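Now for the letters of each chain:
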2 protein chains.
Amino acid sequence: MKRTMYFLEQKDMPTHWYNILPDLPEPLPPVLHPGRGDAVTPDDLAPLFPMALIMQEFSPDSYIEIPEEVQEVYSTWRPTVLHRAYALEKSLDTPAKIYYKYEGTSPPGSHKPNTAVAQAYYNKKEGIKRIATETGAGQWGSSLAYGCSLFGLECKVYMVKISYNQKPYRRLMMNTWGATCVASPSPDTKAGRDMLAKDPDCPGSLGLAISEAVEDAVSREDTHYSLGSVLNHVLLHQTIIGQEAMTQMEMADAYPDIIVGCIGGGSNFAGIFLPFIKDKITGKKPDLRIINVEPESCPTLTKGLYAYDFGDVACMTPLLKMFTLGHEFIPPPVHAGGLRYHGMAPIICHLHALGLLEARAVPQLATFEAGVQFARTEGIISAPETNHAIRVTIDEALKCKESGEAKTILLAHSGHGHFDLAAYDAYLSGKLEDYKYPEEKVKEALAHLPKVS
Amino acid sequence: MKRTMYFLEQKDMPTHWYNILPDLPEPLPPVLHPGRGDAVTPDDLAPLFPMALIMQEFSPDSYIEIPEEVQEVYSTWRPTVLHRAYALEKSLDTPAKIYYKYEGTSPPGSHKPNTAVAQAYYNKKEGIKRIATETGAGQWGSSLAYGCSLFGLECKVYMVKISYNQKPYRRLMMNTWGATCVASPSPDTKAGRDMLAKDPDCPGSLGLAISEAVEDAVSREDTHYSLGSVLNHVLLHQTIIGQEAMTQMEMADAYPDIIVGCIGGGSNFAGIFLPFIKDKITGKKPDLRIINVEPESCPTLTKGLYAYDFGDVACMTPLLKMFTLGHEFIPPPVHAGGLRYHGMAPIICHLHALGLLEARAVPQLATFEAGVQFARTEGIISAPETNHAIRVTIDEALKCKESGEAKTILLAHSGHGHFDLAAYDAYLSGKLEDYKYPEEKVKEALAHLPKVS
């Protein structure tokens with residue numbers, strides 16, 4: 001029988017995260033203090049994050065040891081399986097060899113706990129009792145709730161009100177793991193109360209939820225703030241995915257010609273490709289292609305400007321150099337909520353600016369078509385975010401069919417779509433629509449980028 | 001680091017199902033034809049099932065080869081992982097060693113596809129184009145939809161109307177895998193139309209949905225019927241779980257003192273314990289304890305009568321000798337929909353009557369308390385059905401704490417609870433209630449058992 005799954009024994013699970021910073025061909029542009037305009041220092045970030053994470057943000061070390069307590073938690077679902085997609089290949093009649101690294105077997109169902117668990121651990125270790133965060137559709141909030149429950153931390157999640165009402169299951173997951181989840185705007189913060197006074201029916205936004213979580217964190221001694229993507233330390237924690245995948249590809253006696261993944265803030269895809277891109281940087285694998293896939297309606301890498309911008313709508317974060325559609329840009333309501341972000345992880349942006357990455361934008365309907373094809377062959381019903389990567393994987397496999405090339409494609413499969421079936425229903429019943437790229441709105445948002453001297 | 005997961009390489013996946021029939025200490029009582037009163041013949045069952053499955057129902061062979069095509073599909077998620085529950089053990093401060101075999105990583109999220117895939121395969125092989133079935137909460141319907149999609153069969157699922165309306169996600173899963181799912185009673189069958197004429201607002205019942213599916217199957221040449229539990233061939237297909245678990249326990253250098261699982265129709269739990277019970281029957285492991293857990297409100301093994309009864313409310317099935325609460329008994333609406341069945345797999349009933357099994361009934365609230373404890377330690381949010389088994393696992397581990405015994409407990413973990421979070425919400429918000437055992441209703445139902453000469 002053909003081998004479809006590559007297990008990695010727990011004794012072979014990576015014990016260190018891989019840090020790309022010292023291997024970058026050019027150093028990453030600094031993060032700037034929004035008031036002073038110069039580079040932020042670790043002390044600037046201390047009210048929000050534990051010092052261990054801040055140090056990881058700037059670390060010059062290639063490998064950073066995963067604390068034993070974090071390894072222990074990882075070991076309840078890691079190493080995750082690398083699959084060979086024979087059924088999909090057969091349905092496409094392609095000579096391409098498709099592998100996918102599947103993160104959906106984690107308790108919250110995605111890659112997010114790889115960093116949530118680590119962040120909860122470091123906060124606990126530095127005496128923090130409570131973490132505040134924001135969440136949109138709920139993937140991140142449920143993962144942090146999970147991480148906090150394991151380390152005995154309180155967790156307060158500000159969930160964008162429209163999602164809070166429309167997607168109760170993610171909220172119920174957070175409750176099950178003992179977290180408190182409130183609809184944002186909430187009466188619990190000044191930012192929330194101000195908004196409620198202005199508009200009691202305000203549906204909320206990720207920007208506002210960030211403001212509430214940050215206010216919560218800075219106003220309480222026992223509380224820190226936590227972010228689920230974009231930052232260097234978050235990408236660092238996700239590199240366990242790529243390191244595992246690398247070993248598993250070796251077990252399969254294969255090396256990818258193309259790696260494909262979806263990008264919102266970028267942490268999942270960077271997690272898989274960073275350990276591989278080192279081979280491209282060093283010239284060991286100069287032809288390795290890495291394709292970042294984003295929604296046509298929120299095309300950060302393909303249409304954004306490479307400039308300093310805020311990470312949030314409310315301009316409370318430091319300034320990050322990134323491809324951005326403007327921090328005021330509110331993307332259309334595509335179902336891939338995790339990809340609705342105006343910016344992108346600085347590490348990914350830097351690598352893209354250096355010409356080491358490719359980017360592709362795809363329309364929503366085509367992603368669901370791909371997701372259904374995947375579900376009817378490989379079985380897994382994937383998250384709408386992941387369907388973006390599946391779309392391009394199928395496209396590349398079909399190109400192989402045309403050309404007769406037996407390329408090896410590695411797909412970063414970020415998670416299942418068990419809580420996204422309403423979106424599948426909309427697609428299957430013909431009610432799902434594509435959103436045009438909102439060019440005018442982006443132009444307007446880009447006109448309001450912060451001035452950096 | 002402690003080893004928490006035991007992977008089994010795909011080359012070591014069982015190639016045969018284990019058939020308990022020839023190893024039973026006494027032969028299984030025959031299945032009776034409801035009209036004639038004598039034993040059913042294979043021909044009696046031919047309008048409903050493919051001959052290969054009918055032959056398995058009566059097979060004298062200890063091992064039956066798993067067709068290569070079925071092994072191939074299994075291999076997209078099997079072998080499943082055996083976990084060591086260190087985190088749960090630690091939270092209980094128990095010397096007990098708890099292992100759990102987790103079936104929630106299959107595409108539909110439970111053990112059900114182990115038989116759905118096999119049934120779809122055999123039907124396809126015998127030229128059948130379409131399968132009709134019923135489903136309550138949707139676990140079985142979604143698994144058969146998945147199996148049919150892989151083998152290119154049409155699938156029609158009659159889903160109890162109240163569940164169809166209350167639990168849309170399982171229905172959407174079926175649609176995603178290409179199945180047609182209608183609310184039962186439906187206008188598509190005479191049984192459905194008759195009921196709708198009598199009561200247009202009828203909420204449906206499993207008994208009525210069975211009637212619709214059977215009528216659909218017998219009235220069309222191209223269509224067969226399919227059942228997701230109870231029958232011998234269904235239990236047979238599930239023995240892949242127990243065989244894998246046995247090898248994995250050996251890898252852990254362990255053998256269970258106690259095996260715990262929940263029972264509705266019984267196929268999941270039998271799937272894990274049948275390969276082990278052979279050791280008890282042969283005297284190799286005379287002290288092995290096997291605890292069947294059922295809801296206090298539907299206590300088939302603990303309070304039922306061992307007698308011939310129909311498998312369905314509408315009296316359309318052959319007569320099975322089983323522990324039963326009476327085919328007219330409608331259990332209270334506990335959230336563990338998969339355990340709301342008046343009867344039980346004849347193989348389990350026979351083994352219980354022979355004194356080889358234990359049974360325990362637990363109240364609903366206590367099962368959710370156990371489920372939340374499991375979620376906050378092991379991470380997995382379990383199905384309400386599984387929470388019954390987790391309850392007794394924890395109880396047995398706490399007994400070990402009292403006695404100081406380091407017993408080895410193997411928990412049959414049948415699946416995740418991603419679509420049951422509303423039940424967790426009810427529990428966490430104090431709205432969930434226990435249901436008293438409806439003694440009077442059972443007495444009444446038992447008064448209407450069929451007469452068997």
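See above for the structure.
Attention in this report is confined to the structure presented alongside it. For every chain, the first residue of the written sequence is number 1, and numbering continues from 1 along that sequence. Labels are handed out in written order, letters beginning with A for the chains and numbers beginning with 1 for the ligands. Where local features are concerned, this predicted model is filtered to residues with pLDDT of at least 70; where side-chain atom pairs are given and counted, the filter is 80 or more; whole-chain, interface and lining totals use all residues. Water and hydrogen atoms play no part in the side-chain values, which are based on all heavy atoms of the structure.

Focus on the nonpolar core
The condition that has to hold: Among the buried residues, those of types Ala, Val, Leu, Ile, Met, Phe, Trp, Tyr and Cys that are joined through side-chain atoms within 4.5 Å form a nonpolar core. For the exposure calls, accessible area comes from a 1.4 Å probe over protein chains only, and a residue counts as buried if that area is under 20% of its type's maximum, exposed if over 50%, partly exposed in between.
Counting 105 residues, the largest nonpolar core has Trp17(B), Phe273(B) and Leu274(B) as the members making the most contacts within it. Counting 87 residues, the second-largest nonpolar core is a separate cluster that includes Trp77(A), Ala183(A), Ile263(A) and Phe273(A).

Concerning the sheet that holds strand β7 (residues 154-160) of chain B
Residues and elements named next belong to chain B. Basically, it comes down to this: Here, a strand pair is defined by DSSP locating no fewer than two bridges between the strands. The secondary structure listing takes helices from DSSP runs of H or I that are at least 4 residues long and strands from runs of E that are at least 2 residues long, numbered from the N terminus. Think of each axis as a best-fit line through the C-alpha atoms, taken over the contacting stretch in the case of a helix, with angles from 0 to 180 degrees between the N-to-C directions. For this analysis, residues touch if any pair of their heavy atoms sits within 4.5 Å.
Read across the open sheet, the four strands follow the order β8-β7-β6-β9; overall the sheet is parallel. Sheet topology places β8 (180-184) and β9 (223-225) at the edges, where each strand pairs with a single neighbour. Recorded for the sheet is a direction-independent mean angle of 25° between the axes of neighbouring strands. The pairing of β7 with β8 spans five bridges and is parallel. Residue pairing in the sheet places Met159 in a bridge with Ala183 of β8. The strands touched by helix α6 (residues 139-151) are β6 (130-135) and β7; relative to β6, the strand with the most contacts, the crossing angle is about 165°. Packed onto the sheet, helix α8 (residues 168-176) meets β6, β7 and β8 and runs at close to 170° relative to β7.

As for the relation of the copies chain B and chain A
Between the two chain copies there is a screw-like relation: a rotation about an axis and a shift along it. Threshold: Copies are brought into register by a least-squares superposition over C-alpha atoms of residues with pLDDT of at least 70 in both.
At an RMSD of 0.0 Å, chain B and chain A line up after a rotation of 180° and a shift of 0.0 Å along the axis. Between the two chains, the operation in question is that of a two-fold axis. Most of the interface of chain B is mirrored in chain A: 100% of its interface residues are interface residues there too.

Brief notes about helix α17 (residues 421-428) of chain B
Here α17(B) has its buried residues at Leu421(B), Ala423(B), Tyr424(B) and Ala426(B). Of the surrounding secondary structure, the elements contacted by the buried residues of α17(B) are α8 (168-176) of chain A together with α15 (364-375) and α16 (384-403) of chain B. Residue Gly430(B) follows α17(B) closely and has a positive phi angle near 75°.

A closer look at the interface of chain B and chain A
The condition that has to hold: Accessible area, probed at 1.4 Å, shrinks when two parts are joined; the buried area is that loss added up over both. For this analysis, a salt bridge means a side-chain nitrogen from Lys or Arg found within 4 Å of a carboxyl oxygen belonging to Asp or Glu. We call two N or O atoms a polar contact when they sit within 3.5 Å, provided that within protein one can donate a hydrogen and the other can accept it, with sequence-adjacent residues counted only if both atoms are side-chain atoms. Each residue gets one label: Ala, Val, Leu, Ile, Met, Phe, Trp, Tyr, Cys and Pro are nonpolar, Asp, Glu, Lys and Arg are charged, and the others, such as Gly, are polar.
With 46 residues of chain B at the interface, the matching set in chain A holds 46 residues. When the buried surface of chain B facing chain A is broken down by residue, Met1(B), Phe7(B) and Thr176(B) rank first, second and third, together holding 17% of it. Summed over the shared surface of chain B and chain A, the result is two salt bridges. At the junction of chain B with chain A, the criterion picks out 17 residue pairs in polar contact (both at pLDDT 80 or more). Contributing elements (two or more residues each) for the side of chain B that touches chain A: α3 (68-74), α6, α8, α15 and α17 of chain B. Of the residues in the side of chain B that touches chain A, the class split is 23 nonpolar, 15 polar and eight charged.

These results come straight from atomic positions and should not be treated as a statement about function.
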